[in-house]
Amino acid sequence: MTTRFDRFTQKAREEPGLRSNALMGLLCDPAGLRESFERQNGKKAPGVDGMRKAHYAEGLEGRLGDLSARLRRLGYRPKPARRTYIPKGDGRVRPLGIPSFEDRLVQDRLSRILQAIWEPEFLECSYGFRPGRSAHDALRRVAEIITHERTQWVVEADIKGFFEHVSHDKRGLTP
């Protein structure tokens, strides 16, 4: 991690609810973009640009400098995601969007910044989409509660299709 980012993360932990504004400097930081590059899995499928980690590594410092400059001047434009379909067990397919390599770097960097801000705000009982936590961790905790604590009710809810059926009208008047 970069020193500047370390200080930012530490401050976010020490002062929950702290307002952060001027985050663009953290996003544009070439050292931070390099860290995001290192975090990428070299075996992932390429996006619409056809770029893989090994190819992006050729002239890496120049590429990261250019990406940083485009981010800084607001000239960076994400590429469309490459759409592919993954077969499911029941014969249907699940759509999957594969971002370009540079988009992965920017997404990773932004994700790390937002995690530093929001992670201290989450309760310990929250498991969804948090670093170092999984659905298996949540299931283990539920098993502990049911086994060792007084439990009167267990409610299971399936929200499949929720967003297809919820009203998207701002006033909530249309189905």
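Everything here concerns the structure above.
Because the structure is predicted, anything quoted here is derived from the model rather than measured.

Cut-offs and rules
Residues numbered from 1 in each chain as written. Predicted model: local features only at pLDDT ≥ 70, side-chain atom pairs only at ≥ 80, totals over all residues. Heavy atoms only, no water. Helix = DSSP H or I, 4+ residues; strand = E, 2+ residues; numbered from the N terminus. Polar contact = N/O pair within 3.5 Å; in protein donor to acceptor, adjacent residues only side chain to side chain. Buried < 20%, exposed > 50% of the residue type's maximum accessible area, 1.4 Å probe, protein only. Pairing = 2+ DSSP bridges. Contact = heavy atoms within 4.5 Å. Axes fitted to C-alpha atoms, helices over the stretch in contact; angles between N-to-C directions. Phe/Tyr/Trp six-rings, centres within 6.5 Å; stacked < 30°, edge-to-face > 60°.

A. The arrangement of the environment of alanine 57 in detail. When you line up the elements, alanine 57 lands in the loop between helix 4 (53-56) and helix 5 (60-72). Between the alpha carbons of alanine 57 and valine 142 there is a distance of 44 Å; along the sequence they are 85 residues apart.

B. The environment of serine 134, seen in detail. Mapped onto the elements of the fold, serine 134 is located in the loop between helix 6 (101-118) and helix 7 (135-148). Side-chain polar atoms of serine 134 contact the backbone nitrogen of histidine 136, separated by 3.2 Å.

C. How the structure looks around the pairing of strand 1 (residues 82-87). Little of strand 1 is tucked away, with zero of its six residues classed as buried. Here strand 1 pairs with strand 2 (residues 93-98) via six bridges, running antiparallel. If you follow threonine 84 over to strand 2, its bridge partner there is leucine 96. Between the antiparallel neighbours strand 1 and strand 2 lie five residues, among them glycine 91 with a positive phi of about 95 degrees.

D. The side chain of aspartate 108, seen in detail. Positionally, aspartate 108 belongs in helix 6. Judged by relative accessible area, aspartate 108 falls into the buried class, the value being 13%. Side chain to side chain, aspartate 108 and arginine 39 meet in a polar contact 3.0 Å long. Sequence-distant contacts of aspartate 108, defined by excluding residues within four places in its chain, comprise Ser36, Arg39 and Gln40.

E. Structural context of the packing of helix 1 (residues 3-14) against helix 6. Taken N-terminus to C-terminus, the directions of helix 1 and helix 6 make an angle of 35 degrees; their axes are 8 Å apart at the nearest point. Where helix 1 approaches helix 6, its residues Phe5, Phe8, Thr9 and Ala12 are matched on the opposing element by Arg109, Arg112, Ile113, Ala116 and Ile117.

F. Inspection of the packing of aromatic side chains at higher detail. If you walk through the whole model with that rule in mind, you get three aromatic pairs. Judged by centre distance (5.9 Å) and plane angle (75 degrees), the ring pair of phenylalanine 37 and phenylalanine 101 falls under edge-to-face. With a gap of 64 residues between them, phenylalanine 37 in helix 3 (residues 30-39) and phenylalanine 101 in helix 6 connect regions that are remote in the sequence. What makes phenylalanine 37 buried here is its relative accessible area of 5%.

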